[in-house]
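Below are the chains, spelled out letter by letter.
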Amino acid sequence: MKTLTKNHIAKDQFLKVRHKTEAICKSLKPEDTSIQPIEFVSPPKWHLAHTTWFFEQFVLTKYDVFYTVFHKDYAYYFNSYYENVGERVIRTNRGLMTRPTLNEILEYRDYVNKQLSEFISKGITSDIAEVIKIGLQHEQQHQELLYYDIKYIFGHQPSFPTLDTSIHLSSETNKQEFLAVPEGVYQIGHSTDEFCWDNELGCHKVYLQDFEISSRLVNNAEYIEFIDAGGYQDFNLWHAEGWDFIQSNQIEAPMYWHKVDERWMYYTLRGFKAVDNNLPVCHISFYEAFAFAQWKGMRLPTEFEWEVASEKVNYGQLWEWTNSAYLPYPNYKKVEGALGEYNGKFMVNQMVLRGRSIATTDNTKRPTYRNFFHADMRWHFSGIRLVK
Ligand SMILES: [Fe+2]
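Residues numbered from 1 in each chain as written. Predicted model: local features only at pLDDT ≥ 70, side-chain atom pairs only at ≥ 80, totals over all residues. Heavy atoms only, no water.

## A closer look at the coordination of the iron ion
Reasoning step 1: Note on the iron ion: its protein donors are H50 (NE2), H138 (NE2) and H142 (NE2). The metal-donor distances range over 2.2 Å.
Reasoning step 2: Each donor residue of the iron ion lies on the same chain, and together they follow the pattern H-x87-H-x3-H. Of this pair, H50 sits in helix α2 (residues 44-63) while H142 is found in helix α5 (residues 126-155), placing the two residues 92 residues apart along the sequence. We note that H50, like H142, is buried. (Donors = N, O, S within 2.8 Å, 3.2 Å for Na, K, Ca; no water. Helix = DSSP H or I, 4+ residues; strand = E, 2+ residues; numbered from the N terminus. Buried < 20%, exposed > 50% of the residue type's maximum accessible area, 1.4 Å probe, protein only.)

Structure, rendered in structure tokens:
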């Protein structure tokens, strides 16, 4: 028998996270919210709807016998990739949906917020509270994606619109030190009662050789040295795939960088500016991070080295590329059903990033958190930490 509780999840906690999503979008115009400029960028309106569908699909429809769906077709429109729950609009077609309108989606959000708040207030089992918690963590991941996607939408149009936001990078000017970590057997993985994703579970031990890790991220001044030294023209520094990637896409600098009158400028969410030498370099692919490390005669940390060294370094501005492929830990267990599709099915052909970024909204700073992207992705807030 499941216990009924009103304490596992509070209505206020639920609404606070939901309203944060709307707050991120508050300075957008309706036209900004429908566009999908490239396959991996979803329209902000889609994020607003999809995060709402998640609660409707996995909580209200499943557990609230009195619930009536807001619209019978929204599951088809706003399911992302859950094969277990049926057909959906394919990812590349998200930007084709000018309907439902933004106002209709905001009404959808209000409806689900009200229904779920009432449902929580009646008392829910701890199992349902756990699914709601996953829904909130999911929404917070989409809040971060909203920052990436809005930046891409604004950063690829001539007027370079700005977003009303307080997030910004800080200087990484502290003297660079290389902090030693001794060889040894270390435990990897999440072991506390706090929330974590299933891909962090399965604690296990790894053996690490001695290594030294940089106390700070690579900054823009150092990255410009790499550019000026011909780093993007020297195939010896690159993986074959990376070399193909920069050649075929004519990449010679991080995403959002433009050379204007021999000076590097970049788009930020606060506008088009001169590149600040002291800020950490951002929006680079794994291929670029790897090539930069090669040029420095160093390397990227493995995800295990990163996790062990995390207490020594002040991380949190940018997701840090590691040299580890995204694979299941020993004893990894995929959750049964649709939510098992959340992480496990993506464990192929992607690289792990560790830490968090200024766009991460869940307030946690968890050294075991495993983010992952394909090696050519660079619209997310990614940076470089070196190891030698
Ligand atoms: Fe999602």
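## Re unusual backbone geometry
Reasoning step 1: The omega angle of the peptide bond from R99 to P100 is -5°, so this bond is cis rather than trans.
Reasoning step 2: With respect to the secondary-structure elements, P100 resides in the loop between α3 (74-78) and α4 (102-121).
Reasoning step 3: The phi dihedral of F160 is positive, around 40°, even though this residue is not glycine.
Reasoning step 4: On the secondary structure map, F160 appears in the loop between α5 and β3 (178-181).

## Details of the pairing of strand β5 (residues 204-208)
Reasoning step 1: Residues H204, V206 and L208 line the buried face of β5, whereas the alternating positions K205 and Y207 sit on a face that is not buried.
Reasoning step 2: Strand direction decides the pairing type here: strand β4 (residues 184-188) and β5, joined by five bridges, are antiparallel. Considered in β5, the bridge of G184 is made with L208. (Pairing = 2+ DSSP bridges.)

## Considering the packing of aromatic side chains
Reasoning step 1: By the definition in use, this model includes 47 aromatic pairs.
Reasoning step 2: Aromatic side chains Y81 and F346 sit 4.9 Å apart centroid to centroid with 75° between the ring planes, which places their arrangement in the edge-to-face category. Of this pair, Y81 sits in the loop between α3 and α4 while F346 sits in the loop between β10 (319-325) and β11 (351-354); the two residues are 265 residues apart in sequence, bridging distant segments of the chain.
Reasoning step 3: When its relative accessible area of 26% is taken as the criterion, Y81 is described as partly exposed. (Phe/Tyr/Trp six-rings, centres within 6.5 Å; stacked < 30°, edge-to-face > 60°.)

## Concerning the pairing of strand β9 (residues 271-274)
Reasoning step 1: For strand β8 (residues 263-268) and β9, the ladder comprises four bridges, and the chain directions are antiparallel. Residue pairing in the sheet places Y267 in a bridge with F272 of β9.
Reasoning step 2: What sits between the antiparallel neighbours β8 and β9 is a turn of two residues.

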